[in-house]
Amino acid sequence: MKQKSILFTMLIAAVATAFEACMPEEIEPLSRVPVLPSTPYDYATAPMELHGGFSPFGDSIIDNEVATLGRVLFYDSRLSLNYRVSCGSCHRQQYAFGDNRATSFGFFNDLTGRNTQQIVNAGLQKGLFWDLRERVLDHMVLQPIANHEEMGLSDTLEMENRIRNAEYYAPLFADAFGSSEVTTHKIGLALAQFVKSIISVSTKYDHGLKAVVDEGQSIAPQFEPFPNYTALENIGKEAFFRKFFCSQCHGGPNFNGFNPDFIQEANIGLDLQYNDPGVAGTDFETGQPNNGQFKIPSLRNIAVTGPYMHDGRFQTLEEVVSFYNSGIQAHPQLAPELRQQSIVGNHIGPAIPDDQEIIDGRMIPMRMFMTGEEQAGIVAFLRTLTDYTMITDPKFSDPFQSVE
Ligand code: HEC
Ligand code: HEC
């Protein structure tokens, strides 16, 4: 017993030394100030609405001054324990506010447990994180600041003080909220407004869809060939929506479900056993603990957000499509949409080739038998979902510049 407690004390001492070693005292704020336009950028209006009349902001109304403050906070590395990591370190504009790494570096170069999610049309996302653990963006945005892997600043008083001590914030708070008083609540509101202002509505896909809608009365305009698409992109669109039913999960204006109020997760059979439980809980049908279910991600800007999946296991879209084609595993909680059967509930699933037997109709993972052209087409189609305005617009960029 005694020996154990000595060992324990030694262990604590070792950990404390290691902690000090990676937290040298000289770490200070970087000498940087935000450079902002004299009239705030317009964050409040969308260039067009999403198909079906959805506002990309969801129910939120964006205020330009609040979003401007949010932009500065988003890129300010004062919000991390060692003054070196900001939201923008992992959520990088050029990658549609995702990262180009499987997992990202936090404040002590610790890696995050999951792949950094892209940020897009967040006002329409009713569940946040890969495991949907948070629902309200205004609360959620403060979590990475305190998170021990991400930014590590768990003391909210310290966070508020750091903001108060940076002289550029007083006028920004005054413009946004009518008073320069700094509170955690306001920090959350402003970050959330900026995050929600990062919208994507005008991709090649959105323009193609609009052209079909403007032409006439199609009930399902997304199924029509798009006039602005290449032949291959149209083949891929057909494969995505009608042949391989990707849109059963990645449907709707944001490509993560038809009904923006409906939170959706699925187990897509990446593994037979998952290391990460994902959305925890109990399976309704089987009573077994849920495992391997993750948020259905939006596919907007997907071409620039690789590596893919919650753990960043696939480097390219070609690998993702090849996985869906022939790599789905027979996990007990595999989503019904991805099981091999010709009838799923009341609707007809993809045709099963004659030489395939259905054993019990439920658990056999689907094999899609895509042609090479269909696979290339799906990738080409996914590339039409990139919003080049969003990933280059200066209003979403890092406003900080170094000062001597
Ligand atoms: C060290 C890297 C890192 C930093 C810094 C970071 N994030 Fe994240 N972010 C992630 C990862 C990883 C996830 C997914 C986490 C999970 O699912 O458990 C995520 C998820 C999110 C999501 C959820 C998106 C969705 O569609 O569900 C939002 C929004 C977000 N972060 C905003 C922020 C904000 C705001 C900040 C700054 C206050 C921030 N992040 C700082 C890595 C980071
Ligand atoms: C049963 C619902 C479902 C179906 C059907 C489905 N997906 Fe997915 N998709 C998901 C989920 C859930 C994830 C995230 C899984 C994870 O990370 O564990 C995902 C991830 C992806 C990703 C990576 C996203 C990212 O941000 O890393 C791409 C690309 C993708 N799917 C494309 C497709 C294509 C193409 C099809 C049709 C061949 C398809 N999906 C069919 C649910 C589905």
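Residues numbered from 1 in each chain as written. Chains lettered and ligands numbered in written order. Predicted model: local features only at pLDDT ≥ 70, side-chain atom pairs only at ≥ 80, totals over all residues. Heavy atoms only, no water.

The next thing to look at is the overall build of the protein chain. The helix and strand tally for the protein chain stands at 13 helices and 6 strands. Within the protein chain, buried positions represent 50% of all 404 residues. Taking all contacts inside the protein chain whose residues are at least 6 apart in sequence as the whole, residues at least 24 apart take part in 68%. As displayed, the protein chain has an accessible area near 19,900 Å², and 55% of this comes from carbon and sulfur atoms. (Helix = DSSP H or I, 4+ residues; strand = E, 2+ residues; numbered from the N terminus. Buried < 20%, exposed > 50% of the residue type's maximum accessible area, 1.4 Å probe, protein only. Contact = heavy atoms within 4.5 Å. Areas by Shrake-Rupley, 256 points an atom, 1.4 Å probe, with all protein chains shown as cover.)

Moving on, we get to the side chain of Q117. Summarising the element assignment, Q117 is placed in the loop between α3 (87–90) and α4 (137–140). For Q117, a relative accessible area of 17% corresponds to the buried category. Residue contacts for Q117: discarding those within four places in its chain leaves H91, F97, G98, F129, W130 and K295.

On to the site of ligand 2, then. For ligand 2, the set of nearby residues contains 26 residues, the closest of which are C246, C249, H250, H310 and Y324. Between ligand 2 and M309, the relevant distance is 2.7 Å, taken from an oxygen atom to a main-chain nitrogen or oxygen of the residue. Between ligand 2 and H310, the relevant distance is 2.7 Å, taken from an oxygen atom to a main-chain nitrogen or oxygen of the residue. When residues of the shell around ligand 2 are traced back to their parent elements, those giving at least two are β3 (294–295) and α11 (317–326). Sort the elements by how many residues they give to the shell around ligand 2 and α11 lands first, with 3 residues. (Near = heavy atom within 4 Å. Polar contact = N/O pair within 3.5 Å; in protein donor to acceptor, adjacent residues only side chain to side chain.)

Glancing now at the site of ligand 1. Taken together, the neighbourhood of ligand 1 is formed by 27 residues, with C87, C90, H91, F129 and W130 sitting nearest. A distance of 2.8 Å is found between an oxygen atom of ligand 1 and a backbone nitrogen or oxygen belonging to W130. K295 is positioned with one of its side-chain polar atoms (N or O) 2.9 Å from an oxygen atom of ligand 1. At the level of elements, α3, α4 and α5 (143–146) are the ones that each hand at least two residues to the shell around ligand 1. When its residues are assigned to classes, the shell around ligand 1 shows 15 nonpolar, 8 polar and 4 charged. (Nonpolar A, V, L, I, M, F, W, Y, C, P; charged D, E, K, R; others polar.)

Turning our attention to the confidence of the model for the protein chain. Overall, the predicted model of the protein chain reaches an average pLDDT of 87, with 85% of residues at or above 70. Low pLDDT, under 50, characterises residues 1–21; the stretch is placed with 1 contact to residues that sit more than four places away or in other chains. This stretch, residues 343–348, has a pLDDT under 50; its non-local contacts, to residues over four places away or in other chains, come to 8 contacts. (pLDDT = per-residue confidence, 0-100.)

For the rest of this paragraph, the subject is the pattern of salt bridges. With the rule as written, the count across this model stands at 17 salt bridges. For K126, the salt bridge identified is with D59, shortest N-O distance 3.9 Å. Pair noted here: K126 is in the loop between α3 and α4 and D59 is in the loop between β1 (32–34) and α2 (64–74), with a separation of 67 residues, a long-range link. Classification of K126 as partly exposed rests on a relative accessible area of 23%. For D276, the salt bridge is made with R114, and the minimal N-O distance between the two is 2.7 Å. Highlighted residues: D276 in the loop between β2 (265–266) and β3 and R114 in the loop between α3 and α4, separated in sequence by 162 residues. Several salt bridges share partner residues, and in doing so they unite R114, D131, R133 and D276 into one network. (Salt bridge = Lys/Arg side-chain N within 4 Å of Asp/Glu carboxyl O.)

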